[in-house]
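Structure assessment
Now for the letters of each chain:
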Amino acid sequence: MRAYDLLLFGATRNTGLHIARLATQCGKQVAAMVRPRSDAAPLEMLDVHIIEGDAFLEEDCRRAVEIACPRHVISLMGGKNAEGRRVCAEGNINVIRALAHSSRLERMLLVTSMGCGEQYEGVSSNVKQFLGEALRAKTEAENLLKKSGLPWTIVRPGGLNNEPGTGDFCFLDAPDRRREGYLAREDVAQATLHLLEDPDWLYRAATIQRDVTGGNGA
């Protein structure tokens, strides 16, 4: 059975696709679980191994883990389906439960957003009004991951855009208002791959924000 360096959930576009590109450029063997009706062509062009599956089905997540036998797992799933079910809760929870059967996992990295977990109480009322449901759903997945017994890191980026990456990002334990501003998704992808290999962030939640000092983010 082939074993992959990285298994991705939520990788067909945006930050997940950047992660797939950067990881394959570094020589990593990458697999991704993709819904049957999703466009997997950009991932296939990167030579990512596609495993069809629905994250709302725990058995599909378990099958993806069994096929990929991954060393690392990153989930970036978010949003909700036509029935109003949030994949950032249900889907991520299914991935976490599926990983209980993994024999090779070194780290599960869950990408949520700034304002989740213990940060929720500090979020403004306007943000809670518009994003509260999503933040609570992502927090539900975070809480399960923390209790799962898996080796984990949580990544909480702020607002995102599609500008080219600059490398000007930093890792923080809590949001810093002096560093407000949008982050390039490409930078979040680079930061996320860095965190996978950083022992200092094991069992911790990293907030990613712009590095206004002009450092290199590491």
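Conventions used here
- Residues numbered from 1 in each chain as written.
- Predicted model: local features only at pLDDT ≥ 70, side-chain atom pairs only at ≥ 80, totals over all residues.
- Heavy atoms only, no water.
- Helix = DSSP H or I, 4+ residues; strand = E, 2+ residues; numbered from the N terminus.
- Contact = heavy atoms within 4.5 Å.
- Buried < 20%, exposed > 50% of the residue type's maximum accessible area, 1.4 Å probe, protein only.
- Pairing = 2+ DSSP bridges.
- Axes fitted to C-alpha atoms, helices over the stretch in contact; angles between N-to-C directions.
- Parallel < 35°, antiparallel > 145°, perpendicular 65-115°, else oblique.
- Left-handed = near helix turned anticlockwise from the far one by under 90°.
- Nonpolar A, V, L, I, M, F, W, Y, C, P; charged D, E, K, R; others polar.
- Salt bridge = Lys/Arg side-chain N within 4 Å of Asp/Glu carboxyl O.

You'll find the chain entered in an unreviewed UniProt entry as SDR family oxidoreductase, with Oxalobacter vibrioformis given as the organism.

So, on to the side chain of Arg179. Within the fold, Arg179 resides in the loop between strand E8 (169-172) and strand E9 (183-184). Not counting residues up to four positions away in its chain, the partners in contact with Arg179 are Cys170, Leu172, Gln209, Arg210, Asp211 and Val212.

Moving on to the pairing of E8. Burial along E8 is two-sided: the face carrying Phe169 and Phe171 and the face carrying Cys170 and Leu172 are both buried. In terms of strand pairing, E8 meets strand E10 (residues 205-210) through 4 bridges, oriented antiparallel. Residue Phe171 lies in a different strand from E10, and its bridge partner there is Ile208.

Moving on, we get to the packing of helix H3 (residues 58-68) against helix H4 (residues 90-98). Where H3 contacts H4, the two axes come as close as 8 Å, and the packing angle between them is 50°. Here H3 is positioned oblique relative to H4, judged by the angle of their axes. Crossing hand, H3 versus H4: right-handed. Contacts from Glu58, Cys61, Arg62 and Val65 in H3 reach Asn94, Val95, Arg97 and Ala98 in H4. Across the contact of H3 with H4, the residue classes tally to 4 nonpolar, 1 polar and 3 charged.

Moving on to the pattern of salt bridges. This structure, assessed with the given rule, holds 14 salt bridges. For Glu186, the salt bridge goes to Arg21, with nearest N and O atoms at 3.0 Å. Here the residue Glu186 occupies a position in helix H6 (residues 185-196), and Arg21 occupies one in helix H1 (residues 14-25), the gap between them amounting to 165 residues. For Glu186, a relative accessible area of 23% corresponds to the partly exposed category. Taking the shortest distance from any N to any O, the salt bridge between Asp173 and Arg204 comes out at 2.9 Å. Here Asp173 is found in the loop between E8 and E9, whereas its partner Arg204 is found in the loop between H6 and E10, with 31 residues between them in sequence.

On to the sheet that holds strand E5 (residues 107-111). Sheets are built from strands paired through backbone hydrogen bonds, the pairs being either parallel or antiparallel. Strand order in this open sheet of 8 strands is E3-E2-E1-E4-E5-E6-E10-E8, and the pairing throughout is mixed. In this open sheet, the two edge strands, each paired with only one partner strand, are strand E3 (49-52) and E8. Averaged over all neighbouring strand pairs, the angle between strand axes comes to 25°, with direction disregarded. Relative to E10, strand E6 (residues 152-157) runs parallel, the two being bridged by 4 bridges. Bridge pairing in E10 links Arg156 to Thr207.

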